[in-house]
Amino acid sequence: MQNDTWKTQRSPQPSSPLLLPSTEHQPWLQLVGHAESFQVGENGRLLKRHCVGEEKCFQRLMEDRLRGFVPSFHGVVQHEGQDYTMMDNLLTRFNTPAIMDCKMGTRTYQEEELRLARERPKPRQDMYEKMVAVDPEAPTVQEAAQRGVLKTRYMQWRESLSSTTTLGFRIEGVRKANGECHTNFKRTKSREQVTEALRDFVDYNPQTVRGYLCSLKQLRHALESSDFFKTHEVVGSSLLFLHDEAGRSGVWMIDFGKTSALPPPLTLDHRTPWEEGNREDGYLWGLDNLIDILTDTLPPT
Ligand SMILES: Nc1ncnc2c1ncn2[C@@H]1O[C@H](COP(=O)(O)OP(=O)(O)OP(=O)(O)O)[C@@H](O)[C@H]1O
Ligand SMILES: O=P(O)(O)O[C@@H]1[C@H](O)[C@H](O)[C@@H](OP(=O)(O)O)[C@H](OP(=O)(O)O)[C@H]1O
């Protein structure tokens, strides 16, 4: 999990992703996520504000068969008094790529967060305000009176408003090949809406879809036999989709800030529905749905 001082700010406006200084050799755009999390490093690398849990995941992933499906990890470095996790900048493999961030899984908060919310409830005004901005009717009478909602309640509301609960993934943000950026997917929920957003992202190009399907099926195969995946609750992690005009495309797993090792001998299959205590996250169920939906966009052969 990210530390508290780092949890205060997020990308400010829907449809205004963060543009950090980049050079000709260091393309960079942060589509979604916490503002100021990243610094552009040298030699095709990125610095992400450090958290111990994510570092542990990267260390384990570099030894796992998922290694080729995550940005390479280059250790923890200090920059202006702050620790950062150094990783590959995936954008450097492409020429002005189209980018999509899909948050995977049916649950976007950890079981631990649920337990803490019960023991020490801390209603959040910022989340209440984000909720009301989308749907003034969403808060309960009590939430409206205190002008605050618990984080887990906000996250559950976000899950059910979007496709997280019903499809096991949601689109968080897109930068299209023509440079247009969209981050307003909070209400993109139905299979039809998701299909349309995916079609728009690939500019209705079946060749691009085939490229992504190939990568996603390879990823699924690797996940199904990964020791790391079997032994970790993977929550709030995204798939980053990248493609460019040269016909290159790829999908990588990013963001392990809320991914945690399970107490042995517990393992997950990532498809069994979540019940509190079983730690299941619905990641593979979501990936199955994503693959099915993308397949359905292809013309009949
Ligand atoms: N290795 C990478 N290469 C290129 N772009 C990246 C990489 N990692 C992250 N990004 C960009 O930064 C965005 C946010 O990344 P990430 O999800 O790791 O941040 P976060 O602040 O932890 O997000 P969250 O709010 O979900 O916790 C991604 O959507 C993507 O645009
Ligand atoms: O997308 P939204 O609606 O802006 O909501 C944010 C989103 O769910 C992030 O995933 C979450 O960070 P974590 O995944 O790190 O929990 C953040 O919590 P935060 O405000 O506590 O950082 C939320 O505010």
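Residues numbered from 1 in each chain as written. Chains lettered and ligands numbered in written order. Predicted model: local features only at pLDDT ≥ 70, side-chain atom pairs only at ≥ 80, totals over all residues. Heavy atoms only, no water.

Under an unreviewed UniProt entry, the name given to the chain is Kinase, and the organism recorded is Merluccius polli. Here the chain is described in UniProt, under the heading Catalytic activity (unreviewed entry), as follows: "1D-myo-inositol 1,4,5-trisphosphate + ATP = 1D-myo-inositol 1,3,4,5-tetrakisphosphate + ADP + H(+)". (UniProt positions renumbered as here; feature names shortened; annotations may be inferred.)

Visitor: Just to check I follow, could you spell out the site of ligand 2 for this structure?
Guide: Neighbouring ligand 2 are 13 residues; His34, Lys103, Lys151, Tyr154 and Arg158 lie closest to it. Take Tyr154: an N or O atom from its side chain is 2.4 Å from an oxygen atom of ligand 2. Taking 500 Å² as the accessible area of ligand 2 by itself, protein coverage stands at 93%. Listing elements by their share of the shell around ligand 2, those giving two or more residues are α3 (125-134) and α5 (151-161). Among the elements that make up the shell around ligand 2, the one with the highest residue count is α5 (4 residues). Split by residue class, the shell around ligand 2 holds 3 nonpolar, 1 polar and 9 charged. (Near = heavy atom within 4 Å. Polar contact = N/O pair within 3.5 Å; in protein donor to acceptor, adjacent residues only side chain to side chain. Areas by Shrake-Rupley, 256 points an atom, 1.4 Å probe, with all protein chains shown as cover. Helix = DSSP H or I, 4+ residues; strand = E, 2+ residues; numbered from the N terminus. Nonpolar A, V, L, I, M, F, W, Y, C, P; charged D, E, K, R; others polar.)

Visitor: Teacher, can you tell me more about the packing of aromatic side chains here?
Guide: Aromatic rings in a pair are described by how distant their centres are and how their planes are angled relative to each other. Across all of its chains, the model carries 9 aromatic pairs by this definition. Between Trp28 and Phe38, the ring centres sit 5.4 Å apart and the planes meet at 50°, which makes this aromatic pair tilted. Highlighted residues: Trp28 in the segment before β1 (38-40) and Phe38 in strand β1, separated in sequence by 10 residues. The same class applies to Trp28 as to Phe38, namely buried. With a centroid separation of 6.0 Å and 25° between ring planes, the pair formed by Phe201 and Tyr212 is classed as stacked. On the criterion of sequence distance, the pair formed by Phe201 in helix α7 (residues 191-201) and Tyr212 in helix α8 (residues 206-224) is long-range, its members being 11 residues apart. With respect to class, Phe201 is no different from Tyr212; both count as buried. One aromatic cluster in this structure is built from Phe58, Phe73 and Phe256. (Phe/Tyr/Trp six-rings, centres within 6.5 Å; stacked < 30°, edge-to-face > 60°. Buried < 20%, exposed > 50% of the residue type's maximum accessible area, 1.4 Å probe, protein only.)

Visitor: When you look at the confidence of the model for the chain in this model, what are you seeing that I'm missing?
Guide: Caution is warranted with low-pLDDT regions, since their predicted coordinates should not be read in detail. Counting all residues, the mean pLDDT for the chain is 92, and 91% of those residues have values of 70 or more. A low-confidence stretch, residues 1-17 (pLDDT under 50), is modelled with 43 contacts involving residues beyond four sequence positions or located in other chains. Two numbers describe this predicted complex: its pTM, 0.93, and its ipTM, 0.98. (pLDDT = per-residue confidence, 0-100. Contact = heavy atoms within 4.5 Å.)

Visitor: I would appreciate a short explanation of the side chain of Ser215 in the present structure.
Guide: Mapped onto the secondary structure, Ser215 falls in helix α8. Discounting chain neighbours no more than four positions away, the residues touching Ser215 are Phe69, Gly250 and Val251.

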